[in-house]
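# Results of the structural survey
Here's the letter readout for the chains.
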Amino acid sequence: MKDTIIVEIPRYSPERDAEPHFQRFEVPVYKEWVVLDALNYIKDKLDGSLTYRWSCRMGICGSCGMMVNGEPKLSCATFLSTYARNGAAVRVEPLRYFPVIRDLVTELSDFLAKLKRVKPWLLREDEPSLAQGEFLQTPEQLEEYKQFSMCINCTLCYAACPVVGLDPVFVGPAAIALAQRYNKDSRDEGAEERLAILEHPEGIWGCTFVGECTRVCPKHVDPAGAIQQYKLTAALDWVKSFVMPLGRKNKDVDHAGKAA
Amino acid sequence: MPEKPLSKAPIYTEFHPRWYRPHVSVYWWLGQRQYLKFILREISSVFVAWFVVLMLLQLRALRSGPDAYSRFSHWLQNPLVIAINIVSLFFVIFHAITWFNLAPRAMAVRVRGKQLPEIMISAPNYAMWVVVSAGVAWLVLR
Amino acid sequence: MMKLSSEPFLWTLFSAGGVVAALLVPVHLLLFGVAFPLGLLHAPSYEHLMALVGLWPVRIYLFLLCSLPLFHWAHRFRYTLYDGLRVKHLNEVIFALCYGGAVVGTLLAGYLLWSL
């Protein structure tokens, strides 16, 4: 007789319910199963109306973020057997601090708007012509921002950050980490523009360095570190604006085939 | 340029009015051990402020003369005051340890392209803590 | 270009205060708050302390020891009230009480040290 585990999921349908009600499903436990497998089993065999997001099932698309026993996790990267000791139940809930559209699906348009606002793309004064060739970057220059570029926008960090929950206008860990990813990119010239956008109590200064975002990040992006570095940069920038009011010169970037 | 808030309210699609929006309780910080540790860390600042109050009282006593200072020293021996100060000491040390452990995260120090491990920034901080404390103690106890 | 936001300045003060609080407050509190009152160590005499405080470098040191940690407290406590108690609507009042308190403490410290 194989092991089973009870999976508790809050069911909520906006047309039908005023608030969620927990439903329990009995799911078999296989050694290699993850929580996503359990959800797929439920949808397949027990209740086809269960609604949740998933895609790549290998921890790269960022779709399947959920609260598993109160912890933000990717359901495709969380083994079911971890929770299957002594007949305990596992509680799977939608990511915290987001509105719930239905069952386990959260509303992300606010996050996407915040992300867009920080301009997470290369900002340059001039666009060099194609004839000048591609930008060159040394391995050291890549190391400056590579860690922050690993973000898969899974929003687990938003579910972990209490400031996001308490102040819905706070831009949030991933958005700031991604802004920093571009600030540190040697090809980018938009650091000042992004600083003007983020230098507000709802931007970097809203962060109180709880550090939960870094702890739950499945890609080890360390958004908390990114934000603290950003604060230090902003503070130094402020000091410089008194000491050297003439502004800083642009970064020089190498192009293949042409001297900088 | 006037300071604008990033946005007045969160932006949600207009077409879904009936979402469930869970309410975040005032006791959110009791829900998780990490949140509680965070709030204790923040509360340590109150005990830091209490130390400054003590310092100001001590300076006032010093300024008022030997009798006033001896009255102040006597007050410091009050069991309630000692209890508060012992608790404060724990919190102030908690502040120091969390500070030295977290401060390196704000600095991405690179040597020859590789990021320095955090211990290399926090260890000198701890060392300086010991040296400075010993220096102060020596000056006072001499 | 001068930034109009006061946050970088306040955060810098908070950081400086945090460093001073972390490095110096434990030993001071240990000595004057616990060890001397409990008799664990021999307390310095009034004369010895007055001699120390008579030196200007010591007065400057004590001024920083009083002032910077207060600004550290002000910044952290302000955010704790916002987050812990969710009283962000009392924004201006909290701001004034916290940083105002730090300023008052700083002025007091300055006055006391100047007139010693």
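Residues numbered from 1 in each chain as written. Chains lettered and ligands numbered in written order. Predicted model: local features only at pLDDT ≥ 70, side-chain atom pairs only at ≥ 80, totals over all residues.

### Things to note about the overall build of chain B
Threshold: Strands are runs of DSSP state E lasting at least two residues, helices are runs of H or I lasting at least four, and both sets are numbered from the N terminus onward. Any residue whose C-beta has 12 or fewer other C-beta atoms within 10 Å is treated as exposed, any with 20 or more as buried, and any in between as partly exposed, C-beta atoms being built from the backbone. Here the contact rule is simple: place C-beta atoms from the backbone, and any two residues whose C-beta atoms are within 7 Å are in contact.
Helix and strand content of chain B: 4 helices and 2 strands. The helix and strand sequence of chain B, counted from the amino end, reads α-α-α-β-β-α. The proportion of buried residues among the 142 residues of chain B is 22%. Summarising the internal contacts of chain B: among those between residues at least 6 apart in sequence, 44% fall at separations of at least 24.

### Topic: the interface of chain A and chain B
We apply this condition: Classes in brief: Ala, Val, Leu, Ile, Met, Phe, Trp, Tyr, Cys and Pro nonpolar; Asp, Glu, Lys and Arg charged; the others, Gly included, polar.
The partner chain B presents 24 residues to the 33 residues of chain A that form the contact. When residues of the side of chain A that touches chain B are traced back to their parent elements, those giving at least two are β6 (100-102), α2 (109-117), α3 (139-146), α5 (162-166) and α9 (223-243) of chain A. Examining the composition of the side of chain A that touches chain B, we find that 6 residues originate from one element, α9(A), more than from any other. By residue class, the composition of the side of chain A that touches chain B is 17 nonpolar, 7 polar and 9 charged.

### Thoughts on the pairing of strand β4 (residues 71-74) of chain A
As a reminder of what qualifies: Two strands make a pair as long as DSSP finds a minimum of two bridges between them.
By the bridge criterion, 4 bridges tie strand β3 (residues 65-68) of chain A to β4(A) in an arrangement that is antiparallel. Along β4(A), the bridge assignment pairs G65(A) with L74(A).

### Some points on the interface of chain B and chain C
Listed per partner, the contact involves 46 residues of chain B and 46 residues of chain C. Secondary structure elements with two or more residues in the side of chain B that touches chain C: α1 (33-64), α2 (66-76), α3 (79-102) and α4 (119-141) of chain B. Sort the elements by how many residues they give to the side of chain B that touches chain C and α1(B) lands first, with 17 residues. Looking at the side of chain B that touches chain C residue by residue, the classes come out as 34 nonpolar, 8 polar and 4 charged.

### A look at unusual backbone geometry
All names here are of chain A. Notably, R57 is not glycine yet its phi reads approximately 55°, a positive angle. Tracing the sequence through the fold places R57 in the loop between α1 (35-46) and β3. A tally of 17 C-beta atoms within 10 Å means that R57 is categorised as partly exposed. The phi dihedral of K119 is positive, around 55°, even though this residue is not glycine.

### Points about the packing of α9(A) against helix α1 (residues 7-35) of chain C
Convention followed: Think of each axis as a best-fit line through the C-alpha atoms, taken over the contacting stretch in the case of a helix, with angles from 0 to 180 degrees between the N-to-C directions. Angle categories: roughly parallel below 35 degrees, roughly antiparallel above 145, roughly perpendicular from 65 to 115, and oblique for all the rest.
Interhelical geometry of α9(A) versus α1(C) gives an angle of 110° and a closest axis separation of 9 Å. As far as their axial angle goes, α1(C) and α9(A) are roughly perpendicular. Contacts between α9(A) and α1(C) involve K231(A), A234(A), A235(A) and W238(A) from the former and P8(C), F9(C), W11(C) and T12(C) from the latter. Split into classes, the residues belonging to the contact of α9(A) with α1(C) amount to 6 nonpolar, 1 polar and 1 charged.

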